[in-house]
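Structural description and commentary
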Amino acid sequence: TLPLHLPPTMAAVDNMAPPMSDPAHDLKHEKGSSGDSTVGVEAGQPVPVVSEEVEKRLIRKLDRRIIPVCCWIYLMNFMDRVGIGNARVFDIEDDLNMDRDANQFQLAVSILFVTYCLFETPSNLIIKRMKPARYLAGLVLIWGIIAVCTGLVQSYAALIACRLL
């Protein structure tokens, strides 16, 4: 386990006794030393403190592992967003028989933000209840599958469906 460094204000809060009406607190103190399962400040043990050197090494280690993955995801996100613009340069409108006068391409580009706006808040609520690592990995996997399917569409309706997902 990693030692925990508490700021002075948090250490003061942890040293405060719980209210006397707390049944769990009363039960702990009734057990005595034979059944006492409390640890840390309540048991009189000192709170371990992390040195600045150890904290800096941990932060560097996390940065080396997390930052490249985040940069890769942002790069893929950027490539996904500009991909449809590049597809227009290579005549996606002709390939999918889109009507240039009906602004079908603009609709295909902007329809992505409808579902983005609708599902952003529920997604943030879901991530609070699930393990973020699994949830984000699942989202990235599904996003990759949808990006591949977007590249394989053969009709305007399929493009709209992929952009809505």
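In the block above lies the structure referred to throughout.
Attention here is on the structure that accompanies the text. (Residues numbered from 1 in each chain as written. Predicted model: local features only at pLDDT ≥ 70, side-chain atom pairs only at ≥ 80, totals over all residues. Heavy atoms only, no water.)

1. Remarks on the layout of surface pockets
Which parts of space are left empty comes out when a probe the size of a water molecule is rolled across the atoms. The space that makes up the largest pocket amounts to roughly 1600 Å³. Of all the secondary structure elements, the ones that give two or more residues to the lining of the largest pocket are helix H3 (52–89), helix H4 (92–95), helix H5 (104–129), helix H6 (132–151) and helix H7 (156–164). Class assignment of the residues belonging to the lining of the largest pocket gives a composition of 28 nonpolar, nine polar and five charged. (1 Å grid on protein atoms, 1.4 Å probe; cavity = no way out; pocket = protein on both sides within 12 Å on 5 of 7 lines; lining within 4 Å. Points joined across faces, edges and corners; volume = space filled by probe spheres on them. Helix = DSSP H or I, 4+ residues; strand = E, 2+ residues; numbered from the N terminus. Nonpolar A, V, L, I, M, F, W, Y, C, P; charged D, E, K, R; others polar.)

2. Observations concerning a nonpolar patch on the surface
A contiguous nonpolar patch, built from Val69, Trp72, Ile73, Leu75, Phe78, Met79 and Val140 and spanning about 640 Å² of accessible area, is present on the exposed surface. Looking at the nonpolar patch, the element that brings in the most residues is H3, giving six residues. Among the secondary structure elements, Val69 is positioned in helix H3. The exposure class of Val69 is partly exposed, given its relative accessible area of 47%. (Patch = residues over 30% accessible without salt bridge, like charges linked within 9 Å, V, L, I, M, F, W, Y side chains within 5 Å. Areas by Shrake-Rupley, 256 points an atom, 1.4 Å probe, with all protein chains shown as cover. Salt bridge = Lys/Arg side-chain N within 4 Å of Asp/Glu carboxyl O. Buried < 20%, exposed > 50% of the residue type's maximum accessible area, 1.4 Å probe, protein only.)

3. Brief notes about the side chain of Thr115
Counting through the fold element by element, Thr115 comes out in helix H5. The class for Thr115 is buried, based on a relative accessible area of 14%. Separated by 3.2 Å, the side chain of Thr115 and the backbone oxygen of Leu112 make a polar contact. Here Thr115 is in contact with Arg163 and Leu164, once residues within four sequence places are set aside. (Polar contact = N/O pair within 3.5 Å; in protein donor to acceptor, adjacent residues only side chain to side chain. Contact = heavy atoms within 4.5 Å.)

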